Structure formats: structure tokens, C-alpha cells
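Here is how the chains run, residue by residue.
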Amino acid sequence: FTHTVPLLSLSNVFTSNELVNWHGRVEKLAGTNTINYYCELKYDGVAVALTYQDGVLVSGATRGDGVQGEDITSNLRTIKSVPLKLVGDSFPSRFDVRGEVIFPKDKFQALNEQRIANGEQPYANPRNTAAGSLRQLDPGVVATRPLDIFIYGVGAYQGEIPDTQEKVLEWLSTLGFKINPNNKLANDMDQVEKYFDKWAGRHQQLNYACDGVVVKVNNIELRDIIGSLGREPCWATAYKFPSQTAV
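Residues numbered from 1 in each chain as written. Predicted model: local features only at pLDDT ≥ 70, side-chain atom pairs only at ≥ 80, totals over all residues. Heavy atoms only, no water.

Participant: Sorry, what's going on with the layout of surface pockets here?
Facilitator: Remark: the empty space left among the atoms is shown by a probe the size of a water molecule rolled over them. Of the volumes computed, that of the largest pocket is approximately 1,200 Å³. Surrounding the largest pocket, 47 residues form its lining, Leu7, Leu8, Arg98, Tyr152 and Trp235 being those nearest its centre. At the level of secondary structure, the elements contributing two or more residues to the lining of the largest pocket comprise strand S2 (37-43), strand S3 (46-53), strand S5 (94-102), helix H4 (126-134), strand S6 (148-157), helix H6 (165-175), strand S8 (210-217) and helix H8 (220-226). A total of five residues in the lining of the largest pocket trace back to one element, the largest contributor, which is S6. Grouping the constituent residues of the lining of the largest pocket by class yields 23 nonpolar, 10 polar and 14 charged. (1 Å grid on protein atoms, 1.4 Å probe; cavity = no way out; pocket = protein on both sides within 12 Å on 5 of 7 lines; lining within 4 Å. Points joined across faces, edges and corners; volume = space filled by probe spheres on them. Helix = DSSP H or I, 4+ residues; strand = E, 2+ residues; numbered from the N terminus. Nonpolar A, V, L, I, M, F, W, Y, C, P; charged D, E, K, R; others polar.)

Participant: Would you explain helix H3 (residues 105-117) in this entry?
Facilitator: One full turn of an α-helix is made of 3.6 residues, so residues set three or four places apart face in the same direction. The first and last C-alpha atoms of H3 sit 18 Å apart over 13 residues, in line with the 18 Å expected at 1.5 Å per residue. Residues Phe108, Asn112 and Arg115 constitute the buried set of H3. The buried residues of H3 occupy an angular sector of 60 degrees when the element is viewed end-on, so they sit on one face. Check the buried side of H3 and you find it contacts H4. In the stretch just after H3, Gly119 is the one whose phi turns positive, near 80 degrees. (Expected span 1.5 Å × (residues − 1). Buried < 20%, exposed > 50% of the residue type's maximum accessible area, 1.4 Å probe, protein only. Arc of directions from axis to C-beta. Contact = heavy atoms within 4.5 Å.)

Participant: For this particular structure, what's the right way to read the nonpolar core?
Facilitator: Side chains that are nonpolar tend, in soluble globular proteins, to be buried together. With 32 residues, the main nonpolar core has Leu50, Tyr52, Phe95, Val101, Leu134, Leu172 and Phe177 as its most contacted residues. Looking at this core, the elements with two or more residues in it are S3, S5, H4, S6 and H6. When residues in this core are grouped by element, the largest group, five residues, is from H6. With residues near it in sequence (within four places) discarded, Leu172 still touches Phe95, Val97, Ile151, Gly153, Val154, Phe177 and Ile179. One finds Ile102, Ala186, Tyr195 and Leu222 within the second-largest nonpolar core, a separate group that totals 31 residues. (Core = buried A, V, L, I, M, F, W, Y, C linked by side-chain atoms within 4.5 Å.)

Participant: Sorry, what's going on with the state of the cysteines here?
Facilitator: Here, disulfide denotes a covalent bond that connects the sulfur atoms of two cysteines. A complete count under the given rule lists zero disulfides for this structure. Take Cys210: it sits in no disulfide, and the sulfur closest to it among the cysteines is that of Cys39, at 12 Å. Residue class for Cys210 comes out buried when judged on its relative accessible area of 7%. Cys234 takes part in no disulfide bond, and the closest cysteine sulfur, belonging to Cys39, lies 18 Å away. (Disulfide = S-S within 2.5 Å.)

Participant: In this structure, what is going on with the packing of helix H1 (residues 16-30) against helix H7 (residues 189-200)? I would like to understand it.
Facilitator: In helix packing, the relevant descriptors are the interaxial angle and the interaxial distance, both defined with respect to the helix axes. Between H1 and H7, whose axes approach to 11 Å, the crossing angle comes to 140 degrees. Taken together, the axes of H1 and H7 lie oblique to each other. The crossing of H1 and H7 is right-handed. Mapping the contact onto sequence places Ser16, Leu19 and His23 in H1 and Met189, Val192 and Glu193 in H7. Partitioned by chemical class, the residues of the contact of H1 with H7 number three nonpolar, two polar and one charged. (Axes fitted to C-alpha atoms, helices over the stretch in contact; angles between N-to-C directions. Parallel < 35°, antiparallel > 145°, perpendicular 65-115°, else oblique. Left-handed = near helix turned anticlockwise from the far one by under 90°.)

What follows is the structure in C-alpha cells.
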């Protein structure tokens, strides 16, 4: 599968100073210091692209190298939170959405308990199990896995879409896509830090693996000005939570 618009990966920052430096580069590239950011939780799952034609799901693929992915349409159709047909009619004739397939923690634990009871080896972690499930050759097997998805953006599209990330996700929600309710607009770096600190202390309570916060320039037109470098957009970054340590 060839992505019409590359499905890029994200750069990472690990400290407040690194975030401030990234923000400075964004301001320089944008030519303005009045930038709003949209904060989203960073899921530790599998990035996918879904393509809709006249409101009907026609294909789905993995990220791959960002340009060439793997066609897994049949498997993605089995995920209950992936709409096969969109609600209403306020959408482009053809467009892509990007999302992250996740394996909920409680469902993963139940699957492992069942495997142990059957004398089978438990799976290592939810992310690898989600990735392995999506690569199954038999969609019937995938259908037995309780996978879920959060949609976080739009790829290629024909026509018009809303002009900010916040409005894009609100619009996608009305079409039937599952959007994370914890997303939040930040007007400055202080609000980004508050959002990060809040979830750094409670992300383990979520029912899916989460390893940081994605910070995105909210204005879509400004993103086009800022651009990308290599396989990473310059207008977004992943602010990673401190690694867990244990003895």
C-alpha cells in the first residue's frame, strides 16, 4: 500500500528544556510567536491509515516506512471501533484518517490468563500483540482479538477540512470515529507542561499503554508553512514520560 501523504513518525523530547528548544524552532520556522498547541496522549500501539471513498471504508494499511505500508484492510474491518460507513454526509469524497490501534490492558490480561489456562505461553505486551494480530493472515483470528483504535488526524483528502487540529478531531467524531476524550488545547508552553505533568502522574491508570504526550501546532495552515524534515513533521513532537525503573 502506498500512502498518498506520508505517514510520518515523530521526533522525541525528554525534558522541559528540550521542549522549549523545540518550541523555539517552531516559532522560527512559522515566523510568529503566537502559536497554540494541541496536546494528545501518545499511545503505544500500531499506527494505521484508513481510506474512505464516498463515506465507505475501502482500504487500511500499516505505517510501514511512512510511504509504503502493508495492506491490512480485512483485519482492520474486524475492529468494532473502525466505522465501515461514515455518519452523515459532511466529508470529502475521498480522504484518509490516521489512527493508532491499541490492545486494552484489561482485555490483554484476560487473553493471557486464558492462554495460561490452555497451557500456552502468555504474550509479552499489548503493543506487540496488537501488531501481531494485525499481521494475521486470517481475519477470523483477528476478529477474536478485542482491538480498539483512536483516530488522531487526517492524511490525504479532496475538498476542505476544518482549519485546526481541535476542530478536525471534533468533526471526525461527528462522522463516527473514536477520538480520545483527554485531548486538550494549550495556549502556551506552561499549559503544555501542566497537561504533561497531569498525565505523567496518572497515565498508568489508563486502560491502554501510553508513553508520553504528542504536542502539535493546532493551526493546519501554519503546519504547511513549518513543514517536515526527513520522516518527521517539524510541527509536532512526542514529549516522552520518564522511563519506568524497577529492581
